[in-house]
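# Chains, contacts and geometry: an overview
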Amino acid sequence: LAFEHMAGCLDIVHKSRLFLSTQEHTTLTDRYSRFLKHYHVLRELAAARGRKLYNLTFKFHGLLHTVAYAKWCNPSAHWCYGFEDFMGKVVAAAQSCSHATPPRFVGCKIMENYRLGLHLRMQR
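Rules used in this analysis
Residues numbered from 1 in each chain as written. Predicted model: local features only at pLDDT ≥ 70, side-chain atom pairs only at ≥ 80, totals over all residues. Heavy atoms only, no water. Patch = residues over 30% accessible without salt bridge, like charges linked within 9 Å, V, L, I, M, F, W, Y side chains within 5 Å. Areas by Shrake-Rupley, 256 points an atom, 1.4 Å probe, with all protein chains shown as cover. Salt bridge = Lys/Arg side-chain N within 4 Å of Asp/Glu carboxyl O. Helix = DSSP H or I, 4+ residues; strand = E, 2+ residues; numbered from the N terminus. Axes fitted to C-alpha atoms, helices over the stretch in contact; angles between N-to-C directions. Parallel < 35°, antiparallel > 145°, perpendicular 65-115°, else oblique. Left-handed = near helix turned anticlockwise from the far one by under 90°. Contact = heavy atoms within 4.5 Å. Nonpolar A, V, L, I, M, F, W, Y, C, P; charged D, E, K, R; others polar. Buried < 20%, exposed > 50% of the residue type's maximum accessible area, 1.4 Å probe, protein only.

Next up on the list: a nonpolar patch on the surface. Residues Leu 42, Leu 53 and Tyr 54 make up a contiguous nonpolar surface patch of about 230 Å² in total accessible area. With respect to the helices, strands and loops of the structure, Leu 53 is situated in the loop between helix H2 (22–48) and helix H3 (58–69).

Looking now at the packing of H2 against H3. Contact geometry of H2 with H3 gives a least axis separation of 9 Å together with a crossing angle of 165°. One way to sum up the angle between H2 and H3 is to call them roughly antiparallel. The two elements H2 and H3 meet at a crossing, and its hand is left-handed. Contact with H2, carried on its side by His 25, Leu 28, Thr 29, Tyr 32, Phe 35, Leu 36 and Tyr 39, involves Phe 60, Leu 63, Leu 64, Val 67 and Ala 68 of H3 and no other residues of that element. Among the residues making up the contact of H2 with H3, the classes are represented as 10 nonpolar, two polar and no charged.

A word on the environment of Val 67. Looking at the secondary structure, you find Val 67 in helix H3. As a C-alpha pair, Val 67 and Arg 31 span 36 residues in sequence and 9.9 Å in three-dimensional space. Beyond its immediate chain neighbours, meaning those up to four positions away, Val 67 contacts His 25, Leu 28, Thr 29 and Tyr 32.

Let us look at the environment of Phe 60. Mapped onto the secondary structure, Phe 60 falls in helix H3. Assessed through its relative accessible area of 16%, Phe 60 is described here as buried. When near neighbours in sequence (up to four residues on either side) are disregarded, Phe 60 contacts Tyr 32, Phe 35, Leu 36, Tyr 39 and Asn 55.

All chains considered together, the criterion is met by two salt bridges. In this structure, Asp 30 engages Arg 34 in a salt bridge whose closest nitrogen and oxygen atoms are separated by 2.9 Å. Here Asp 30 pairs with Arg 34, and both are found in helix H2, just four residues apart, close to one helical turn. The salt bridge involving Lys 109 is made with Glu 112; its shortest N-O contact spans 3.6 Å. With Lys 109 and Glu 112 both in helix H5 (residues 106–123) and three residues apart, this pair spans about one turn of that helix. By relative accessible area, Lys 109 is classed as partly exposed at 29%. Here Glu 112 falls in the partly exposed class, since its relative accessible area comes to 47%.

By themselves, these observations are geometric and do not establish any function.
Here is the structure:
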């Protein structure tokens, strides 16, 4: 049930326009609240069995704010994760140059690598 409620949250965010309707935001808030309740049950059941699973992290609090702020703007319009297209490219560029580059030069090297890759791609 926790998974279904989180999947429901993502469905709402991905299917909505730039601004969620009042109903979409209410449903999103309700789904996230239900997700947290079911996740808490999973945590309690695991603890009763002596297992440290389903920890509550800062990400849950951050997502609570994201859901609240979705009232004014769809989170998909401004969130950015490493697996997303552009950030994934930046992460790959950073990983490829961070081993042989002094830390103070990594930022410049990332942009240099990205620009070179973009240039080569545009040559095709």
